[in-house]
Amino acid sequence: MTAINPPLLDISQLFVRLPAGAERDHAVEDVSYTLANNEILCLVGESGSGKSITARAIMGLLPAPHVRVDQGKILFNGEDLTQANAARLRQVRGSEISMIFQEPMTALNPVLTIGQQIDEVIRFHANLTKQERRERALKQIADVHLPDPERIIKAYPHELSGGQRQRAMIAMALAMEPQILIADEPTTALDVTTQAQILKLIKELQTNHDTGVLFITHDFGVVADIADRVAVMQNGQIVEIDVTDKVLNNPQHPYTKSLIKAVPSLVPRPARKLSEQKELVVKDLTKTYRSGGRFFGFGKSEHVVHATDSVNIQLHKGETLGVVGESGSGKSTLARCIVRLIDAEAGQILYQDVDLRPLNRAAMRPYRSKIQMVFQDPYASLNPRSKVGRIIADGPIILGSSPADAEKRAREMLEIVGLDVRAYDRYPHEFSGGQRQRIGIARALALDPEILVADEPVSALDVSIQAQILELLAEIREELQLSMIFITHDLRVAAQVCDRIAVMKLGKVVEEGLTADLFEKAQHPYTRELLSAVPGRDWLPNKGAIT
Amino acid sequence: MEFWRLYRRNRSAVFGMIILLVVFLLAGSAALFFPDDPFSLAGKPMSAPGENGFSLGSDTLGRDVAAGIAHGARTSLMIGGLATAVAVLLGVMLGGLAGYFGGWIDDVLMRVTEIFQTIPSFIFAILIVAIIKPSINSIIIAIAVVSWPAVARLVRGEFISLRNREFVQACHIVGMGDVRIMLREILPNCLSPIIVAGSLMVATAILIESGLSFLGLGDPNIISWGFQIGAGRTVLRSAWWVCTFPGIAILLTVLAINLVGEGLNDALNPRLRDHK
């Protein structure tokens, strides 16, 4: 870079102060980086690392007055945005720098059509006639490859799918051909195949328009796919910044190394010997949801959704069966049917030759302890008003243990999942997400189950915590000879955890097989599509210089 | 204490609590300062405040207004508290069942609730007291009957949002019974809004009781603020103090309870807690 041609964006020694009483004094501390035209810079870090705050500081969108820029400069084409007044910032936002968000459903206004929302951006920043604005909006919609722009322009956000909404958001953000696009986890809420399409779209538009993109993500796979340069953030500081190849394959900072090490590899781990004995057999399980069109609970339903449609799976003793699929594929419904949280209307759930499906509550009771569940959201799965000890001990007590025995058991379980025994007398809010997930696992194990159903147990966790929980699950699986049904949308996790994998789509199992076979020679086109959409699939973490 | 720290942030709530404490003290010490029956004819009728040994004057029959206010505070607080307790109990039970089980139980219970909500509550209360004989019990029943639907609606909403949370599902999976899930897992998580709604309901109950007594539908053997105002209504222009002081007592008590309710809401509602 030369003095005549300053970088598009030059952030130097930026400090953003947090209100008193926060975890640390500064959300962002001494952060400096530059962004050039036609470049994608990825900001990577775990939750709370301050990556979103730097982006918001650029846009002047910090939650004032509590969080504010303390020191430092944000130079945009040589102009310091920290000194700009509100009117100038409004001008910059949307026309010169624009932003897309994680959840397009909440970022779009539900009562305005897509066309009106794009029009609003153009009208505010450019002096064009109505017809010109409309043509421009249509062109934007066509540019993001939304089908039938004439229809989309009149559509409301709820009429579009998640991926289409994100495309509409991008169309809106790029309506004024901004020089910088800030993308804050734009694909985190999307399914993996949609994510791949959106990433491709961002890359394509960025190349066509010479835009500088600041891309915030927590996913190293996405980084590998899209970034030119990477900045790794930890506790508000940039610990490493360099070109993508160097950071991913030859990281210098120990934190970067540990993060990359925690990314699960797409290469399946060596197959284990499987037992022939069948622990659980699910035959033709069908669950249909009906809604709408009813009066006082009588009459016919209008909407019918086949959440699971004649699903057949088998779980061998000691095996981990992965159930993978995108949102709406029915994998969670399947899990909930198996643990009898939801009543399926047809099919069989055979455990030791007993069909569990038609059993009522009393008849189900002896089998309850055999099949236990670990939930996705560690914040919602523990009762905030109960002490941890009670949460774990409740199960054994209900099944007939004396309170003293149950307490002893609960303390043992805390030890097994790697928590301090003193956790027994604490409340859930005193623990972090990873620790809460451990408590959830302890609760399931306290009943001495034979089958553990884990519904996305790590998808709400940061990657380093995720690695720890997966390790814990692997340990207890060996130790306690557990059979496990592991629901996940993440094929990387599935590759590391599962012996066999069943792929679900729209309520049906489309393919089932040994993990290694499935990854090497998938039969069903949908499985192949899923596999090719995994972000960063050509990048193999854990190889090379990482020690 | 954590709760007190949060409560203290709302100054007017602290002020409300102080007034409320004074009312409680007044009610508690009524028998001490005014040992005689408040209905007894204590002296010259229609004495102005300060005259003939009446600090707040006397009414048309020579009853001491100050004694009436002190003893009336007991009535108001007792009826407000008891009626609210009954209404909350009933509302939590029905709302909880409707919200937890859903389906036809919900349909039936909510239709019943709606029937109660369609009748204007004060007129409904008059009707109930008029049908049963006016007595302290019938007043409490009447107030409870007109107040529970609001609680039921509130509790139903809370139960619906909580019953599908993962921690409740986890209880189903270990085979926990419905009653236990409702009482030990879900109910503690919706206590805050119930406490807030209940505290505000006490104020409404006191107002309804005063209104009933004013119309002569109160218990004839128990003095109350509403009764005092009703008795002084005809002499409002010649003896203003008979109505005015009990009126101020009602105003201050209801205001204090509302302020306390607001304060409880601020302290217990986690969504508001972050808006410092």
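Residues numbered from 1 in each chain as written. Chains lettered and ligands numbered in written order. Predicted model: local features only at pLDDT ≥ 70, side-chain atom pairs only at ≥ 80, totals over all residues. Heavy atoms only, no water.

Residue and element names in this part refer to chain A. Pairing within the open sheet is antiparallel, and its four strands lie in the order S2-S1-S4-S5. Looking at strand neighbours, the two that pair on one side only are strand S2 (26-35) and strand S5 (79-80), the edges of this open sheet. Alignment of strand S1 (residues 9-17) against S2, held across six bridges, turns out to be antiparallel. Bridging across to S2, Leu14 finds its partner in Val31. (Pairing = 2+ DSSP bridges. Helix = DSSP H or I, 4+ residues; strand = E, 2+ residues; numbered from the N terminus.)

Okay, a nonpolar patch on the surface next. Residue and element names in this part refer to chain B. Taken together, the side chains of Met1, Trp4, Met17 and Leu21 make up a nonpolar region of the molecular surface, amounting to roughly 440 Å² of accessible area. Tracing the backbone shows Met1 in the segment before helix H1 (2-8). Exposure remark for Met1: the relative accessible area of 78% places this residue in the exposed category. (Patch = residues over 30% accessible without salt bridge, like charges linked within 9 Å, V, L, I, M, F, W, Y side chains within 5 Å. Areas by Shrake-Rupley, 256 points an atom, 1.4 Å probe, with all protein chains shown as cover. Salt bridge = Lys/Arg side-chain N within 4 Å of Asp/Glu carboxyl O. Buried < 20%, exposed > 50% of the residue type's maximum accessible area, 1.4 Å probe, protein only.)

Attention now moves to the sheet that holds strand S10 (residues 237-243) of chain A. Either a parallel or an antiparallel arrangement is found when strands of a sheet pair, and the pairing is made through backbone hydrogen bonds. All names here are of chain A. Pairing in this open sheet of six strands is mixed, and the strands run S6-S7-S8-S3-S9-S10 from one edge to the other. Two strands lie at the open edges of the sheet, namely strand S6 (97-100) and S10, each paired on one side alone. Going across the sheet, the axis of each strand differs from the next one's by a mean of 15 degrees, ignoring polarity. Across five bridges, strand S7 (residues 180-184) lies against strand S8 (residues 212-217) in parallel orientation. Following the sheet pairing, Ile182 is matched in S8 by Leu214. Contacts from helix H7 (residues 162-173) reach S6 and S7 within the one sheet, and its direction differs from that of S6 by about 170 degrees. Docked against the sheet, helix H8 (residues 192-209) engages strand S3 (40-44), S6 and S8, running at close to 160 degrees with respect to S8. (Axes fitted to C-alpha atoms, helices over the stretch in contact; angles between N-to-C directions. Contact = heavy atoms within 4.5 Å.)

This part takes up unusual backbone geometry. All names here are of chain A. Residues other than glycine seldom take positive phi values, yet His145 does so here, at roughly 60 degrees. Positive phi, normally seen in glycine, also occurs at Ser310, with a value near 50 degrees. Relative to the assigned elements, Ser310 resides in strand S12 (residues 303-316).

A separate point is the side chain of Asp184(A). All names here are of chain A. Here Asp184 lies in strand S7. Judged by its relative accessible area of 8%, Asp184 is buried. Within polar-contact distance, the side chain of Asp184 engages the side chain of Ser52 at 3.1 Å. Apart from the residues lying within four places of it in its own chain, the contact partners of Asp184 are Ser52, Arg56, Met99, Ile100, Phe101, Gln102 and Ile216. (Polar contact = N/O pair within 3.5 Å; in protein donor to acceptor, adjacent residues only side chain to side chain.)

All names here are of chain A. Inspection of helix H11 (residues 254-262) places Tyr255, Thr256, Leu259, Ile260 and Ala262 among the buried residues, and these make up the whole buried set. Buried residues of H11, seen end-on, are gathered within an arc of 160 degrees and therefore sit on one face of the element. Away from its buried face, by an angle of more than 90 degrees, H11 presents the exposed residues Pro254 and Lys261. (Arc of directions from axis to C-beta.)

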